[in-house]
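Here are the chains, one letter per residue:
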Amino acid sequence: MKIATLQVAGPREESPSARRSRVGRMPTAARGADLVVPPEPWAVGYFAFDAYAEQAETLDGPTVTTARGRARELDAHVHLGNHARPRESTVQPYLGQ
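Everything numeric here is computed off the predicted structure, so don't read it as measured data.

## As for the overall build of the chain
In terms of regular secondary structure, the chain is built from three helices and six strands. Sequence-ordered secondary structure for the chain, helices as α and strands as β, is β-α-β-α-α-β-β-β-β. In the chain, buried positions account for 39% of the 97 residues. Once local pairs closer than 6 in sequence are excluded, the contacts in the chain between residues at least 24 apart make up 57%. Element-wise, carbon and sulfur atoms account for 53% of the exposed surface of the chain, whose accessible area totals about 5700 Å².

Next up, the structure:
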């Protein structure tokens, strides 16, 4: 099994949509991997604790939707790690191709 891990900077001034776009291009370099693992929770930024509730998404939101599309495109599995959800709960989505 080939595993690709991603390291993602999370500058606070970067919007979630800009970060999703930037990170969404990263797995292209992981083509051929069976599993792609970004850090958690990269979409909001790990140290942005005060933004977790405000930027939380449902499982059909833009982060999981983008990751699901990339998983299909790369024919790989993607494990998103802790994903902030509404009401300050988290889930760890694992997406198959």
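The structure having been displayed, the exposition proceeds.
## What to know about the environment of R31
With respect to the helices, strands and loops of the structure, R31 is situated in the loop between α1 (16-25) and β2 (35-37). Judged by its relative accessible area of 43%, R31 falls in the partly exposed class. Separated by 43 residues in sequence, R31 and L74 place their C-alpha atoms 6.0 Å apart. Excluding its chain neighbours within four sequence positions, the residues that come into contact with R31 are K2, E73 and L74.

## With respect to the pattern of salt bridges
Considering all chains together, one arrives at two salt bridges under this definition. One salt bridge connects E73 with R70, and the closest N-O pair in it is separated by 2.7 Å. Taken as a pair, E73 and R70 lie in helix α3 (residues 62-74) at a separation of three residues, close to a single helical turn. Overall, E73 belongs to the partly exposed group, its relative accessible area being 44%. What emerges from the salt-bridge pattern is a single network uniting R31, R70 and E73.

## Re the packing of α1 against α3
At a minimum axis distance of 11 Å, the contact between α1 and α3 shows a crossing angle of 15 degrees. Classified by the angle their axes make, α1 and α3 are roughly parallel. The element α1 and its partner α3 pack so that their crossing is right-handed. Counting all contacts with α1, which are made through R20, G24 and R25, the residues of α3 involved are P62, T63, T66 and R70. Of the residues in the contact of α1 with α3, the class split is one nonpolar, three polar and three charged.

Reading the values: the criteria
- Residues numbered from 1 in each chain as written.
- Predicted model: local features only at pLDDT ≥ 70, side-chain atom pairs only at ≥ 80, totals over all residues.
- Heavy atoms only, no water.
- Helix = DSSP H or I, 4+ residues; strand = E, 2+ residues; numbered from the N terminus.
- Buried < 20%, exposed > 50% of the residue type's maximum accessible area, 1.4 Å probe, protein only.
- Contact = heavy atoms within 4.5 Å.
- Areas by Shrake-Rupley, 256 points an atom, 1.4 Å probe, with all protein chains shown as cover.
- Salt bridge = Lys/Arg side-chain N within 4 Å of Asp/Glu carboxyl O.
- Axes fitted to C-alpha atoms, helices over the stretch in contact; angles between N-to-C directions.
- Parallel < 35°, antiparallel > 145°, perpendicular 65-115°, else oblique.
- Left-handed = near helix turned anticlockwise from the far one by under 90°.
- Nonpolar A, V, L, I, M, F, W, Y, C, P; charged D, E, K, R; others polar.

All we've got here are geometric facts, nothing functional implied.
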